[in-house]
Amino acid sequence: MLKVKMLRLMLILLIGSFLPQLVVAQQQITLKEALTYALQNNTKVRNAKLDIEGGRYKVEEVRAQALPQITGNVGLTYNPIIGQLVANFGGQTQAIKLGQNWNSTAGVQLSQQLFNQQVFTGLQAAKSSEEYYNLTSKLTEEQIIELVANNYYQVLVNRQQLNVIDTNIKNVKIIEKVIGNQFKNGLARKIDVDRITVNLTNLNTQREQVINAITQLENQLKFSMGMPVSTPISLPATELTEVTTLPLFTDSIDLANRTEVKLLDNQDKLLSLQRKAYVSEYYPSLALTGNYTYSSQSDGFDFLKSNAAAIGYGASAIGLTLKVPIFNGFLTRSKIRQADVDIKKARESRKESVNSLNLAYENAKIQLRNNLNTIKSQRKNADLAQEIYKSTQNNYNNGLASLTDLLETENSLTEAQNSYTQALLNYKIAEIQLIKSNGNIKSLVQEK
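Note that this is a predicted model, so its numbers are computed, not measured.

Chemist: So what exactly am I meant to see when it comes to helix α2 (residues 31-41) here?
Modeler: Residues three or four positions apart in an α-helix share a direction because the helix packs 3.6 residues into each turn. Buried within α2 we find L31, A34, L35, A38 and L39. Around the axis of α2, the buried residues are gathered within 130° of arc, so they sit on the same side.

The following block contains the structure:
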């Protein structure tokens, strides 16, 4: 028996020594830390940065067309039957072989564009494309910041709702204990005990639902951050605090600071360059060409060695190539007209986009005003519900209020507290929209 107890004690000590290694500490993440992590690890952000790198290589690709083009060539030919030239020399017809059985050539060719408007326009477009990728990357970062911030606040709100439920469960358990004692002494009915039990069960069910919702929202937050979903995290409760004043509003916003507008400007520039590239097809092109070729012929394969029968000679040429487009069936004209249509469509889309940005700003101001009023009224409502609940609880303990009154005030208190928390969330989301409308969404990353 003593040996068994000793073995149990050793087993407990052994397990205890490993527990600290098995427990994974939760990582507490502030909003700033969540946003910083997302900008470094979110897949969309990382892909946008790779697009920037690819854009640089695209510029190099187009630039290469304006640089000298040098190619080398080597050839080896065997002629089993050599063609002949039949000619009359001094009244006598003779046949002359044209070449040898083995022919080899080696040469180098050079081409340099001196004037090609299409290449020069393409280089301008490539540089604008690089700017486009930079702006797209910046816009992607702003969108991820908005997404992560919204997810972050949703987790905080649900955690506060969980705190409300935990407080209510604690209050109901106190009532359950009181009614239980009253029932034992014959001062309460069995139905009152059952009603409290049902209410407590409902609260525990709600608690489980909120916990599941928090887990899902945390997973969504981690996913938007680019963090492994299995990583345990926790959020500081102080991140979602009471709001008392509105931020400073302006009558209008400076859209020139918005990444979306900069991106539209860049797209307009790219469309104009595309049209210019089509017009360039009307232009002539001028190129410098040059080549050098060395040829060798022999009646045997050993011509690569010293062979008196092998004949070798070199040839070279330098010239200018001028290409002048004359008529291509109105193909270029059709391309230009299509480009004109694309430019007109882009202008219409720009008007709508600018109007949409102004709409978002005006709506954000309205939502902030409404949400601040809602926060103030719900705060007062929650405080009043708390006072009513305490008063009703005191009256119930003194036999001046029914259990129904107590449960109704308890439900009203829960609803008022959750409404206040939801109002805080709505305000924060509207605040993010306002900051985004001002083009300062990245300021959330710099906040302490």
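There is more to say, and it comes next.
Chemist: Mind showing me how you'd approach the packing of aromatic side chains here?
Modeler: The way to describe two aromatic rings as a pair is by their centre distance and the angle between their planes. Under the counting rule described, the total for this entry stands at five aromatic pairs. Measuring from ring centre to ring centre gives 6.3 Å for F115 and F120, while their planes differ by 75°; the resulting arrangement is edge-to-face. A residue is classified by how much of its surface remains accessible, and F115, at 32% relative accessible area, is partly exposed. Between Y132 and Y133, the aromatic rings sit 5.7 Å apart at their centres with planes inclined by 65°, giving edge-to-face as the arrangement. Residue classification places Y133 among the partly exposed positions, given a relative accessible area of 29%. Positioned over the ring face of F330 is R333, at 4.4 Å from the centre of the ring.

Chemist: Sorry, what's going on with the sheet that holds strand β8 (residues 311-323) here?
Modeler: For sheets, the rule is that strands pair by backbone hydrogen bonds, running either parallel or antiparallel. Across the sheet, four strands lie side by side as β2-β5-β7-β8; this open sheet has antiparallel pairing. The outermost strands of the open sheet, each flanked by one partner alone, are β2 (69-78) and β8. Across this sheet, the average inter-strand angle for adjacent strands is 15°, counted without regard to direction. As paired elements, strand β7 (residues 285-298) and β8 share 13 bridges and run antiparallel to each other. Within β8, the residue paired with Y294 across the bridge is G314.

Chemist: In this structure, what is going on with the pairing of strand β5 (residues 102-115)? I would like to understand it.
Modeler: In this structure, β2 lies alongside β5, joined through ten bridges in antiparallel fashion. Of the residues in β5, the one forming a bridge with T77 is N103. Sheet topology note: the β5/β7 ladder contains 13 bridges and is antiparallel. Within β7, the residue paired with S104 across the bridge is S296.

Chemist: So what exactly am I meant to see when it comes to the pattern of salt bridges here?
Modeler: For side chains bearing opposite charge, pairing can occur when the charged atoms are close. Following the criterion strictly, the structure yields 17 salt bridges and no others. A salt bridge links D192 to R189, with the shortest nitrogen-to-oxygen separation between them at 3.4 Å. D192 sits in the buried class, given a relative accessible area of 9%. Residue classification places R189 among the exposed positions, given a relative accessible area of 54%. By sharing partners, the salt bridges in this structure join K49, E141 and K442 into a single network.

Chemist: Is there a simple way to think about the confidence of the model for the protein chain in this case?
Modeler: Do not read the fine detail of predicted coordinates wherever pLDDT is low. With 91% of its residues at a pLDDT of 70 or more, the protein chain shows a mean pLDDT of 86. Scored below 50 in pLDDT, residues 1-24 makes one contact in the model with residues more than four places away or belonging to other chains.

Chemist: What is the right way to look at the nonpolar core in this model?
Modeler: Generally speaking, a soluble globular protein has its nonpolar side chains buried in company with each other. The biggest cluster of nonpolar side chains holds 28 residues, and the ones touching the most others in it are V148, Y152, L221, M225 and L444. Elements supplying a minimum of two residues to this core: α2, α4 (117-184), α5 (190-225), α8 (403-437) and α9 (443-446). Residue contributions to this core peak at nine residues, all from α4. Core analysis: the next-biggest nonpolar cluster, separate from the first, contains 22 residues, I214, A385, A401 and L406 among them.

Chemist: Sorry if this is basic, but what is going on with α8 here?
Modeler: End to end, α8 covers 51 Å across 35 residues, agreeing with the expected 51 Å (1.5 Å per residue, within 8%). Directly after α8, the chain includes G439, whose backbone phi takes a positive value near 75°.

Chemist: Just to check I follow, could you spell out the environment of N199 for this structure?
Modeler: As for its placement among the helices and strands, N199 is situated in helix α5. On the accessibility criterion, N199 (11% relative accessible area) is buried. As a C-alpha pair, N199 and A401 span 202 residues in sequence and 18 Å in three-dimensional space. For N199, the residues in contact, after removing those within four places along its chain, are V172, L407, E410 and N411.

Chemist: Looking at this structure, how should I read a nonpolar patch on the surface?
Modeler: Taken together, the side chains of L114, F115, F120, Y282, Y283 and L320 define a hydrophobic patch exposed on the protein surface, amounting to about 580 Å² of accessible area. On the secondary structure map, Y283 appears in the loop between α6 (259-279) and β7.

Chemist: Would you mind going over the side chain of S280 with me for this structure?
Modeler: Its location among the elements puts S280 in the loop between α6 and β7. Using a relative accessible area of 2% as the deciding quantity, one classes S280 as buried. Among the polar contacts made by the side chain of S280, one reaches the side chain of T121 at a distance of 3.4 Å. Residue contacts for S280: discarding those within four places in its chain leaves Q117, Q118 and T121.

Cut-offs applied
Residues numbered from 1 in each chain as written. Predicted model: local features only at pLDDT ≥ 70, side-chain atom pairs only at ≥ 80, totals over all residues. Heavy atoms only, no water. Buried < 20%, exposed > 50% of the residue type's maximum accessible area, 1.4 Å probe, protein only. Helix = DSSP H or I, 4+ residues; strand = E, 2+ residues; numbered from the N terminus. Arc of directions from axis to C-beta. Phe/Tyr/Trp six-rings, centres within 6.5 Å; stacked < 30°, edge-to-face > 60°. Lys NZ or Arg CZ within 6 Å of the ring centre and 35° of its normal. Pairing = 2+ DSSP bridges. Axes fitted to C-alpha atoms, helices over the stretch in contact; angles between N-to-C directions. Salt bridge = Lys/Arg side-chain N within 4 Å of Asp/Glu carboxyl O. pLDDT = per-residue confidence, 0-100. Contact = heavy atoms within 4.5 Å. Core = buried A, V, L, I, M, F, W, Y, C linked by side-chain atoms within 4.5 Å. Expected span 1.5 Å × (residues − 1). Patch = residues over 30% accessible without salt bridge, like charges linked within 9 Å, V, L, I, M, F, W, Y side chains within 5 Å. Areas by Shrake-Rupley, 256 points an atom, 1.4 Å probe, with all protein chains shown as cover. Polar contact = N/O pair within 3.5 Å; in protein donor to acceptor, adjacent residues only side chain to side chain.

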